[in-house]
Amino acid sequence: MINSRLIIKLSIFLLLNLSHSLLHGQVSVSVAGDGYGISPVLIGFNGRSTEGPSWTDSGFLQYVDSLYPGTVRYPAGTQSNYWDWRTGTFIEGCGKTAKYIFTISDFVAGLPAESEIIYAVNIARPTPSTGISIFSSEEILASEATLQAKISDILDALGEIESRGRMPMAAEIGNELYFDSEHAAIYAANPTLYISHAKKLISELKSVYPDIRILLCTSKGGTVLRDYWNNEIFTALASDAAFEDMVHAVVQHHYINSAYGDPADVIDTGTAQKAIAEGFLYTAEISGDYDMVPGGIALWITEYGATKENAEGTWASGLRAAALTLGMLNLGNKIEILNFHHITEAPNVLNKDMMKAGPAGLSLGLLGRAARGKQEGYKLS
(Lines give C-alpha, C1' and ligand atoms only; values in the text may rest on other atoms or scores of the structure.)
Protein backbone atom coordinates (compact mmCIF):
# COMPACT_ATOMS: atom_id res chain seq x y z
CA MET A 1 0.00 0.00 0.00
CA ILE A 2 1.38 3.43 -0.97
CA ASN A 3 1.58 5.72 2.04
CA SER A 4 0.22 9.29 2.12
CA ARG A 5 3.68 10.90 2.03
CA LEU A 6 4.48 9.13 -1.21
CA ILE A 7 1.16 10.14 -2.78
CA ILE A 8 1.81 13.85 -2.31
CA LYS A 9 5.47 13.40 -3.32
CA LEU A 10 4.53 11.63 -6.57
CA SER A 11 1.70 14.05 -7.42
CA ILE A 12 3.96 17.07 -7.04
CA PHE A 13 6.83 15.41 -8.88
CA LEU A 14 4.62 14.49 -11.85
CA LEU A 15 3.36 18.04 -12.14
CA LEU A 16 6.88 19.40 -11.92
CA ASN A 17 8.08 16.93 -14.50
CA LEU A 18 5.41 18.19 -16.93
CA SER A 19 6.46 21.77 -16.24
CA HIS A 20 10.12 20.80 -16.69
CA SER A 21 9.51 19.16 -20.06
CA LEU A 22 7.68 22.23 -21.34
CA LEU A 23 10.54 24.42 -20.18
CA HIS A 24 13.06 22.34 -22.20
CA GLY A 25 15.43 22.15 -19.26
CA GLN A 26 15.38 25.81 -18.27
CA VAL A 27 14.15 24.88 -14.80
CA SER A 28 15.40 21.69 -13.15
CA VAL A 29 13.59 20.49 -10.05
CA SER A 30 13.91 17.40 -7.89
CA VAL A 31 12.71 16.20 -4.50
CA ALA A 32 15.51 16.32 -1.94
CA GLY A 33 16.13 15.53 1.70
CA ASP A 34 13.87 14.31 4.46
CA GLY A 35 10.22 15.22 4.80
CA TYR A 36 8.99 18.05 7.03
CA GLY A 37 5.64 18.89 8.58
CA ILE A 38 2.95 20.62 6.53
CA SER A 39 -0.62 21.65 7.28
CA PRO A 40 -3.17 19.04 6.19
CA VAL A 41 -5.29 21.89 4.73
CA LEU A 42 -2.40 23.56 2.97
CA ILE A 43 -3.84 24.86 -0.32
CA GLY A 44 -7.00 26.92 -0.51
CA PHE A 45 -8.69 29.90 -2.09
CA ASN A 46 -10.27 33.25 -1.41
CA GLY A 47 -14.04 32.90 -1.43
CA ARG A 48 -15.04 36.23 -2.96
CA SER A 49 -18.40 35.94 -4.70
CA THR A 50 -19.82 39.45 -5.04
CA GLU A 51 -19.35 39.36 -8.82
CA GLY A 52 -20.62 35.79 -9.17
CA PRO A 53 -21.29 32.99 -9.48
CA SER A 54 -23.51 32.87 -6.43
CA TRP A 55 -22.79 30.42 -3.63
CA THR A 56 -26.37 29.20 -4.11
CA ASP A 57 -25.54 28.03 -7.67
CA SER A 58 -25.35 24.21 -7.62
CA GLY A 59 -23.02 24.09 -10.63
CA PHE A 60 -20.63 26.50 -8.97
CA LEU A 61 -20.68 24.52 -5.73
CA GLN A 62 -19.77 21.33 -7.62
CA TYR A 63 -16.86 23.23 -9.13
CA VAL A 64 -15.70 24.46 -5.71
CA ASP A 65 -15.78 20.88 -4.44
CA SER A 66 -13.59 19.78 -7.37
CA LEU A 67 -10.87 22.23 -6.30
CA TYR A 68 -10.29 20.34 -3.02
CA PRO A 69 -9.84 23.61 -1.10
CA GLY A 70 -8.16 23.04 2.24
CA THR A 71 -9.21 26.50 3.38
CA VAL A 72 -11.55 29.16 2.03
CA ARG A 73 -11.16 32.77 3.13
CA TYR A 74 -14.43 34.61 3.79
CA PRO A 75 -15.42 37.10 2.51
CA ALA A 76 -11.92 37.42 0.92
CA GLY A 77 -9.52 40.34 0.73
CA THR A 78 -10.17 44.02 0.13
CA GLN A 79 -13.91 43.64 0.44
CA SER A 80 -13.56 42.43 4.03
CA ASN A 81 -12.64 45.98 5.08
CA TYR A 82 -16.05 47.17 3.86
CA TRP A 83 -18.10 44.11 4.78
CA ASP A 84 -21.44 43.80 6.54
CA TRP A 85 -21.73 40.08 7.23
CA ARG A 86 -25.37 40.41 8.30
CA THR A 87 -26.44 41.44 4.80
CA GLY A 88 -23.74 39.53 2.92
CA THR A 89 -22.67 42.62 1.03
CA PHE A 90 -20.86 45.92 1.40
CA ILE A 91 -21.73 48.51 4.03
CA GLU A 92 -24.20 50.91 2.48
CA GLY A 93 -22.63 54.20 1.43
CA CYS A 94 -19.03 52.97 1.22
CA GLY A 95 -18.97 53.20 -2.57
CA LYS A 96 -18.80 49.46 -3.23
CA THR A 97 -21.40 47.46 -5.12
CA ALA A 98 -22.05 43.75 -5.45
CA LYS A 99 -23.93 41.78 -8.09
CA TYR A 100 -24.49 38.85 -5.74
CA ILE A 101 -25.16 38.46 -2.03
CA PHE A 102 -22.54 36.43 -0.14
CA THR A 103 -24.01 35.56 3.25
CA ILE A 104 -22.49 33.40 5.95
CA SER A 105 -25.41 30.98 5.66
CA ASP A 106 -24.94 30.49 1.91
CA PHE A 107 -21.17 30.25 2.25
CA VAL A 108 -21.27 27.64 5.02
CA ALA A 109 -23.97 25.62 3.27
CA GLY A 110 -21.95 25.53 0.05
CA LEU A 111 -18.53 24.86 1.55
CA PRO A 112 -17.06 21.38 1.03
CA ALA A 113 -17.23 19.32 4.20
CA GLU A 114 -13.44 18.92 4.37
CA SER A 115 -12.65 22.65 4.00
CA GLU A 116 -11.70 24.97 6.85
CA ILE A 117 -12.69 28.65 7.12
CA ILE A 118 -10.43 31.66 7.49
CA TYR A 119 -12.60 34.57 8.59
CA ALA A 120 -11.14 37.91 7.45
CA VAL A 121 -12.71 40.20 10.03
CA ASN A 122 -13.83 43.75 9.34
CA ILE A 123 -11.85 45.71 11.89
CA ALA A 124 -11.59 48.71 9.53
CA ARG A 125 -15.19 49.98 9.63
CA PRO A 126 -18.17 49.73 11.99
CA THR A 127 -21.14 47.91 10.49
CA PRO A 128 -24.64 49.46 10.64
CA SER A 129 -25.66 47.20 13.54
CA THR A 130 -23.14 49.00 15.77
CA GLY A 131 -25.10 52.24 15.38
CA ILE A 132 -21.92 54.07 14.37
CA SER A 133 -21.76 55.70 10.95
CA ILE A 134 -18.74 55.07 8.75
CA PHE A 135 -18.82 58.84 8.12
CA SER A 136 -18.24 59.71 11.78
CA SER A 137 -15.24 61.81 12.74
CA GLU A 138 -11.86 60.11 13.00
CA GLU A 139 -11.95 60.73 16.74
CA ILE A 140 -15.17 58.72 17.04
CA LEU A 141 -14.03 55.99 14.64
CA ALA A 142 -10.78 55.49 16.54
CA SER A 143 -12.42 55.60 19.97
CA GLU A 144 -12.59 52.85 22.54
CA ALA A 145 -16.39 52.80 22.29
CA THR A 146 -16.29 52.17 18.53
CA LEU A 147 -13.65 49.50 18.97
CA GLN A 148 -15.80 47.69 21.53
CA ALA A 149 -18.80 47.89 19.18
CA LYS A 150 -16.73 46.37 16.37
CA ILE A 151 -15.44 43.63 18.67
CA SER A 152 -19.02 42.70 19.62
CA ASP A 153 -19.96 42.61 15.93
CA ILE A 154 -17.00 40.35 15.09
CA LEU A 155 -17.88 38.00 17.94
CA ASP A 156 -21.47 37.88 16.67
CA ALA A 157 -20.17 36.94 13.20
CA LEU A 158 -18.04 34.14 14.62
CA GLY A 159 -21.02 32.97 16.64
CA GLU A 160 -23.14 32.90 13.48
CA ILE A 161 -20.60 30.74 11.69
CA GLU A 162 -20.21 28.46 14.71
CA SER A 163 -23.99 28.06 15.04
CA ARG A 164 -23.99 26.58 11.54
CA GLY A 165 -21.48 23.94 12.56
CA ARG A 166 -18.33 25.35 10.94
CA MET A 167 -16.23 27.27 13.46
CA PRO A 168 -13.43 29.08 11.58
CA MET A 169 -9.94 27.73 12.12
CA ALA A 170 -8.52 31.27 12.02
CA ALA A 171 -9.43 34.95 12.31
CA GLU A 172 -7.42 37.31 10.11
CA ILE A 173 -7.28 40.74 11.73
CA GLY A 174 -7.77 43.14 8.82
CA ASN A 175 -6.68 43.15 5.19
CA GLU A 176 -3.79 45.19 3.74
CA LEU A 177 -4.07 48.02 6.27
CA TYR A 178 -0.49 49.13 5.62
CA PHE A 179 -1.44 51.23 2.58
CA ASP A 180 -1.91 54.98 3.13
CA SER A 181 -5.32 54.98 1.46
CA GLU A 182 -9.05 55.15 2.14
CA HIS A 183 -9.16 51.36 1.86
CA ALA A 184 -7.48 50.95 5.24
CA ALA A 185 -9.75 53.51 6.97
CA ILE A 186 -8.46 54.68 10.38
CA TYR A 187 -5.53 52.26 10.32
CA ALA A 188 -4.02 53.56 7.08
CA ALA A 189 -0.24 53.57 7.59
CA ASN A 190 -0.86 53.71 11.35
CA PRO A 191 0.52 50.51 12.85
CA THR A 192 0.53 51.99 16.36
CA LEU A 193 -3.27 52.30 16.38
CA TYR A 194 -3.62 48.90 14.75
CA ILE A 195 -1.44 47.20 17.36
CA SER A 196 -3.31 48.87 20.22
CA HIS A 197 -6.71 47.84 18.85
CA ALA A 198 -5.58 44.39 17.72
CA LYS A 199 -4.34 43.50 21.20
CA LYS A 200 -7.76 44.26 22.69
CA LEU A 201 -9.68 42.54 19.91
CA ILE A 202 -7.52 39.42 20.00
CA SER A 203 -7.71 39.17 23.78
CA GLU A 204 -11.50 39.18 23.66
CA LEU A 205 -11.65 36.74 20.74
CA LYS A 206 -9.35 34.31 22.54
CA SER A 207 -11.36 34.59 25.75
CA VAL A 208 -14.41 33.28 23.89
CA TYR A 209 -12.67 31.07 21.32
CA PRO A 210 -9.34 30.00 22.87
CA ASP A 211 -8.47 27.61 20.04
CA ILE A 212 -8.94 30.00 17.14
CA ARG A 213 -5.71 30.87 15.32
CA ILE A 214 -5.01 34.60 15.09
CA LEU A 215 -3.44 36.06 11.93
CA LEU A 216 -1.90 39.53 12.11
CA CYS A 217 -1.84 41.88 9.14
CA THR A 218 1.71 42.22 7.81
CA SER A 219 3.15 42.46 4.31
CA LYS A 220 5.96 41.54 2.02
CA GLY A 221 8.72 44.15 2.20
CA GLY A 222 10.26 46.50 -0.29
CA THR A 223 8.52 49.87 0.14
CA VAL A 224 8.73 52.52 2.85
CA LEU A 225 5.15 51.98 3.99
CA ARG A 226 5.32 48.19 3.99
CA ASP A 227 8.67 48.09 5.81
CA TYR A 228 7.56 50.63 8.42
CA TRP A 229 4.39 48.68 9.14
CA ASN A 230 6.22 45.35 9.38
CA ASN A 231 8.94 46.71 11.65
CA GLU A 232 6.36 48.09 14.08
CA ILE A 233 4.42 44.81 14.16
CA PHE A 234 7.48 42.63 14.68
CA THR A 235 8.83 44.98 17.37
CA ALA A 236 5.49 44.83 19.19
CA LEU A 237 5.53 41.03 19.08
CA ALA A 238 9.12 40.84 20.31
CA SER A 239 8.49 43.23 23.20
CA ASP A 240 5.22 41.75 24.47
CA ALA A 241 5.31 38.04 25.23
CA ALA A 242 1.59 37.88 26.02
CA PHE A 243 0.74 39.46 22.66
CA GLU A 244 3.11 37.16 20.80
CA ASP A 245 1.63 34.14 22.55
CA MET A 246 -1.83 34.99 21.17
CA VAL A 247 -0.64 35.32 17.56
CA HIS A 248 -0.30 32.15 15.51
CA ALA A 249 0.82 33.62 12.20
CA VAL A 250 1.43 36.76 10.17
CA VAL A 251 0.14 37.32 6.66
CA GLN A 252 1.69 38.21 3.32
CA HIS A 253 0.23 38.63 -0.18
CA HIS A 254 2.21 37.94 -3.33
CA TYR A 255 1.26 38.54 -6.96
CA ILE A 256 3.16 38.20 -10.22
CA ASN A 257 2.11 41.36 -12.06
CA SER A 258 2.95 43.03 -15.36
CA ALA A 259 5.94 44.77 -13.77
CA TYR A 260 7.63 41.43 -13.10
CA GLY A 261 9.46 39.36 -15.69
CA ASP A 262 8.39 39.20 -19.32
CA PRO A 263 5.00 40.82 -20.11
CA ALA A 264 4.84 39.35 -23.65
CA ASP A 265 1.65 37.45 -24.45
CA VAL A 266 1.99 33.67 -24.55
CA ILE A 267 1.84 32.77 -28.24
CA ASP A 268 4.46 30.06 -28.65
CA THR A 269 6.77 27.69 -26.77
CA GLY A 270 9.30 30.38 -25.92
CA THR A 271 6.81 32.77 -24.34
CA ALA A 272 5.13 29.86 -22.53
CA GLN A 273 8.51 28.83 -21.08
CA LYS A 274 9.08 32.32 -19.70
CA ALA A 275 5.61 32.54 -18.18
CA ILE A 276 5.87 29.17 -16.43
CA ALA A 277 9.37 29.82 -15.15
CA GLU A 278 8.22 33.04 -13.47
CA GLY A 279 6.48 30.99 -10.79
CA PHE A 280 9.78 29.56 -9.57
CA LEU A 281 11.82 32.67 -10.29
CA TYR A 282 9.49 34.96 -8.35
CA THR A 283 9.48 32.82 -5.22
CA ALA A 284 13.26 32.43 -5.37
CA GLU A 285 13.53 36.23 -5.16
CA ILE A 286 11.31 36.68 -2.08
CA SER A 287 13.36 34.70 0.43
CA GLY A 288 13.88 37.95 2.36
CA ASP A 289 10.14 38.27 2.88
CA TYR A 290 10.12 34.76 4.31
CA ASP A 291 13.20 35.33 6.47
CA MET A 292 11.80 38.50 8.10
CA VAL A 293 9.09 36.49 9.88
CA PRO A 294 10.28 35.78 13.45
CA GLY A 295 10.97 32.24 14.58
CA GLY A 296 7.98 30.69 16.31
CA ILE A 297 5.50 32.62 14.12
CA ALA A 298 3.97 30.94 11.09
CA LEU A 299 3.53 32.62 7.70
CA TRP A 300 0.17 32.35 5.93
CA ILE A 301 -0.05 33.55 2.33
CA THR A 302 -3.73 34.49 2.35
CA GLU A 303 -3.59 35.94 -1.16
CA TYR A 304 -1.32 34.99 -4.02
CA GLY A 305 -1.54 34.55 -7.76
CA ALA A 306 -0.75 36.22 -11.07
CA THR A 307 -2.47 39.42 -12.11
CA LYS A 308 -0.39 39.51 -15.27
CA GLU A 309 -2.78 38.85 -18.17
CA ASN A 310 -0.24 37.61 -20.69
CA ALA A 311 -1.21 33.97 -20.26
CA GLU A 312 -4.99 34.13 -19.79
CA GLY A 313 -6.66 30.78 -20.44
CA THR A 314 -3.44 28.99 -21.41
CA TRP A 315 -1.76 26.02 -19.80
CA ALA A 316 1.20 28.31 -19.20
CA SER A 317 -0.97 30.12 -16.66
CA GLY A 318 -1.89 26.82 -15.02
CA LEU A 319 1.70 25.69 -14.71
CA ARG A 320 2.80 29.14 -13.56
CA ALA A 321 0.23 28.89 -10.74
CA ALA A 322 1.56 25.43 -9.82
CA ALA A 323 5.17 26.63 -9.95
CA LEU A 324 4.28 29.63 -7.80
CA THR A 325 2.58 27.37 -5.27
CA LEU A 326 5.46 24.89 -5.09
CA GLY A 327 7.99 27.72 -5.02
CA MET A 328 6.22 29.16 -1.96
CA LEU A 329 6.42 25.80 -0.22
CA ASN A 330 10.07 25.55 -1.09
CA LEU A 331 10.80 28.66 1.00
CA GLY A 332 10.40 26.63 4.19
CA ASN A 333 8.00 25.24 6.75
CA LYS A 334 6.98 28.57 8.27
CA ILE A 335 4.43 28.59 5.45
CA GLU A 336 1.34 26.72 6.59
CA ILE A 337 -1.47 27.99 4.36
CA LEU A 338 -1.64 29.22 0.75
CA ASN A 339 -4.84 30.88 -0.49
CA PHE A 340 -5.00 31.53 -4.22
CA HIS A 341 -6.97 34.61 -5.27
CA HIS A 342 -9.73 33.73 -5.98
CA ILE A 343 -12.37 31.03 -6.65
CA THR A 344 -14.77 33.22 -8.59
CA GLU A 345 -14.55 35.51 -11.60
CA ALA A 346 -10.85 34.95 -12.42
CA PRO A 347 -10.86 33.19 -15.84
CA ASN A 348 -7.73 31.18 -15.14
CA VAL A 349 -9.44 29.61 -12.14
CA LEU A 350 -13.00 29.41 -13.41
CA ASN A 351 -14.67 29.88 -16.78
CA LYS A 352 -17.98 30.89 -15.25
CA ASP A 353 -19.84 30.96 -18.56
CA MET A 354 -19.10 27.26 -19.06
CA MET A 355 -18.80 26.50 -15.34
CA LYS A 356 -15.53 24.75 -16.06
CA ALA A 357 -12.16 24.94 -14.33
CA GLY A 358 -9.56 27.16 -15.96
CA PRO A 359 -5.90 26.11 -16.22
CA ALA A 360 -4.94 27.41 -12.77
CA GLY A 361 -8.06 25.84 -11.27
CA LEU A 362 -7.12 22.46 -12.73
CA SER A 363 -3.50 22.53 -11.59
CA LEU A 364 -4.31 23.87 -8.11
CA GLY A 365 -7.10 21.32 -7.75
CA LEU A 366 -4.52 18.60 -8.40
CA LEU A 367 -2.18 20.03 -5.77
CA GLY A 368 -5.05 20.56 -3.33
CA ARG A 369 -6.10 16.93 -3.71
CA ALA A 370 -2.51 15.76 -3.18
CA ALA A 371 -2.12 17.93 -0.08
CA ARG A 372 -5.47 17.19 1.55
CA GLY A 373 -5.00 15.44 4.85
CA LYS A 374 -1.23 15.13 4.44
CA GLN A 375 1.12 16.13 7.21
CA GLU A 376 4.51 15.86 5.54
CA GLY A 377 6.09 17.43 2.47
CA TYR A 378 9.48 17.46 0.78
CA LYS A 379 11.76 20.34 -0.11
CA LEU A 380 12.53 20.90 -3.79
CA SER A 381 15.97 21.58 -5.25
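Shown above is the structure to which this text applies.
About the criteria used
Think of each chain on its own: its residues are numbered from 1, step by step along the sequence as written. The predicted origin of the model limits local features to residues at a pLDDT of at least 70 and limits the giving and counting of side-chain atom pairs to 80 or more, whereas totals for whole chains, interfaces and linings rest on all residues. Just so you know, side-chain values use all the structure's heavy atoms and leave hydrogens and water out. Secondary structure elements follow DSSP: runs of H or I no shorter than four residues count as helices, runs of E no shorter than two count as strands, and numbering proceeds from the N terminus. Two things to know: the radius of gyration comes from C-alpha atoms, and the globule rule equals 2.2 Å times the number of residues to the power 0.38. Relative accessibility thresholds used throughout: buried, under 20% of the residue-type maximum; exposed, over 50%; partly exposed, between the two (1.4 Å probe, protein chains only). Here, a strand pair is defined by DSSP locating no fewer than two bridges between the strands. Here, axes are lines fitted to C-alpha atoms. For helices the fit covers the stretch in contact, and angles between N-to-C directions go from 0 to 180 degrees. Contacts were defined at the residue level, with two residues in contact if any of their heavy atoms lie within 4.5 Å. Grouping buried Ala, Val, Leu, Ile, Met, Phe, Trp, Tyr and Cys residues that are joined through side-chain atoms within 4.5 Å yields what is termed a nonpolar core. A pocket here means an open set of points on a 1 Å grid, computed over the protein atoms alone, that has protein on both sides within 12 Å along at least five of seven lines. A cavity is instead a set of points where a 1.4 Å probe fits but cannot get out; residues with an atom within 4 Å of a point line either one. Grid points are joined across faces, edges and corners, and a volume is the space filled by probe spheres set on the points. Charged residues are taken to be Asp, Glu, Lys and Arg, nonpolar residues to be Ala, Val, Leu, Ile, Met, Phe, Trp, Tyr, Cys and Pro, and polar residues to be all remaining types, Gly included. For the purposes of this analysis, a disulfide is any pair of cysteine sulfur atoms at a distance within 2.5 Å. When two rings of Phe, Tyr or Trp (its six-membered ring) have centres within 6.5 Å they constitute a pair, described as stacked for plane angles under 30 degrees, edge-to-face for angles over 60, and tilted for the intermediate range. Remark: a charge is flagged as sitting over a ring if the NZ atom of Lys or the CZ atom of Arg is within 6 Å of the ring centre and within 35 degrees of the ring normal. For a helix, the expected span equals 1.5 Å multiplied by the number of residues minus one. We count a salt bridge whenever a side-chain nitrogen from Lys or Arg sits within 4 Å of a carboxyl oxygen from Asp or Glu.

### Points about the overall build of the protein chain
Summing up its helical and strand segments, the protein chain has 12 helices and 14 strands in all. Its C-alpha atoms give the protein chain a radius of gyration of 20 Å, near enough to 21 Å, the size a compact globule of 381 residues would have. Along the first, second and third principal axes, the C-alpha set of the protein chain runs to 60 × 45 × 45 Å. Looking at the protein chain as a whole, 55% of its 381 residues qualify as buried.

### Quick notes on the sheet that holds strand S8 (residues 213-217)
Taken in spatial order, the 8 strands line up as S2-S3-S6-S7-S8-S9-S10-S11 and close into a barrel, and their pairing is parallel. Each strand axis lies, on average, 30° off the axis of its neighbour in the sheet, ignoring direction. As defined by bridge partners, strand S2 (residues 43-46) adjoins strand S3 (residues 71-74) across 2 bridges and the pair is classed as parallel. Looking across to S3, one finds that Phe45 is bridged to Val72. In the packing of helix H12 (residues 359-371) onto the sheet, contacts are made with S2, strand S10 (298-306) and strand S11 (335-340), and the angle to S2 comes to roughly 135°.

### Some thoughts on the nonpolar core
Membership of the largest hydrophobic core comes to 97 residues, with the highest contact counts inside it found for Ile173, Tyr194, Leu216 and Met328. Counting residues per element, this core draws most heavily on helix H5 (residues 144-163), at 8 residues. Non-local contacts of Ile173, meaning those with residues more than four positions away in its chain, are made with Val121, Ile123, Tyr194, Ala198, Leu201, Ile202, Leu205, Ile214, Leu215 and Cys217. Core analysis: the next-biggest nonpolar cluster, separate from the first, contains 10 residues, Val41, Ile118, Ala170 and Ala298 among them.

### As for the layout of surface pockets
Quantified by volume, the largest pocket comes out at close to 370 Å³. What lines the largest pocket is a set of 18 residues, and nearest its centre among them are Ala306, Thr307, Glu312, His341 and Ala346. Those elements that place two or more of their residues in the lining of the largest pocket are S10 and helix H11 (315-330). For the lining of the largest pocket, the per-class residue count stands at 9 nonpolar, 6 polar and 3 charged.

### Side note on the state of the cysteines
Evaluated as defined, the whole model comprises 0 disulfides. Here Cys94 stays free of any disulfide, with the sulfur of Cys217 as its closest cysteine sulfur at 19 Å. Assessed through its relative accessible area of 12%, Cys94 is described here as buried.

### Points about the packing of aromatic side chains
Considering all chains together, one arrives at 18 aromatic pairs under this definition. Where Tyr74 meets Phe107, the ring centres are 4.9 Å apart and the plane angle is 20°; that geometry is what we call stacked. Taken together, the positions of Tyr74 in strand S3 and Phe107 in helix H3 (residues 104-110) put the pair 33 residues apart, joining distant regions of the chain. A relative accessible area of 1% means that Tyr74 is categorised as buried. Judged by relative accessible area, which is 2%, Phe107 ranks as buried. Through a chain of ring-to-ring contacts, the aromatic side chains of Trp55, Phe60, Tyr63, Tyr74, Trp83, Phe90, Phe102, Phe107 and Tyr119 assemble into a single cluster. Here the guanidinium or amino end of Lys96 rests over the ring plane of Tyr82, the centre of that ring lying 4.8 Å away. A cation over a ring is seen here: Lys334 above Tyr290, with NZ or CZ 4.8 Å from the ring centre.

### Overview of H12
One turn of an α-helix holds 3.6 residues; hence residues three or four places apart share an orientation. Over its 13 residues, H12 extends 18 Å from the first C-alpha to the last, a length consistent with the 18 Å expected when each residue adds 1.5 Å. Extensive coverage of H12 is indicated by the burial of 10 of its 13 residues. Within the span of H12, buried status applies to Pro359, Ala360, Gly361, Ser363, Leu364, Gly365, Leu367, Gly368, Ala370 and Ala371. Of the residues one or two after H12, Gly373 is the one with positive phi, at around 80°.

### Quick word on helix H6 (residues 191-208)
Between its first and last C-alpha, H6 extends 25 Å over 18 residues, near the 26 Å set by a 1.5 Å rise per residue. Restricting attention to buried positions, one finds in H6 the residues Pro191, Leu193, Tyr194, Ile195, His197, Ala198, Leu201, Ile202 and Leu205.

### Points about unusual backbone geometry
Going from Tyr74 to Pro75, the amide bond is cis rather than trans, its omega being -5°. Note on placement: Pro75 falls in the loop between S3 and strand S4 (83-84). The omega torsion of the bond from His341 to His342 falls at 5°, within 30 degrees of zero and hence cis. In this structure, His342 sits in the loop between S11 and strand S12 (350-351). Of note, the phi angle at Ala185 is positive, near 55°, even though the residue is not glycine.

### Concerning the environment of Ala124
For Ala124, the location among the structural elements is in the loop between strand S6 (116-121) and helix H4 (138-141). Judged by relative accessible area, which is 4%, Ala124 ranks as buried. Beyond its immediate chain neighbours, meaning those up to four positions away, Ala124 contacts Asn81, Lys150, Leu177, Ala184, Ala185, Ile186 and Tyr187.

### Here we look at the pattern of salt bridges
As enumerated under the stated definition, the model contains 13 salt bridges in all. For the salt bridge of Arg372 with Glu114, the shortest nitrogen-to-oxygen distance reads 3.6 Å. Separated by 258 residues along the polypeptide, Arg372 in the loop between H12 and strand S14 (376-380) and Glu114 in the loop between H3 and S6 bring together distant segments of the chain. Among the ionic pairs, Arg125 bridges to Glu182, the shortest N-O distance being 2.8 Å. On the criterion of sequence distance, the pair formed by Arg125 in the loop between S6 and H4 and Glu182 in the loop between strand S7 (170-173) and H6 is long-range, its members being 57 residues apart. The class of Arg125 is buried, set by a relative accessible area of 7%. Several salt bridges share partner residues, and in doing so they unite Arg73, Glu172 and Glu303 into one network.

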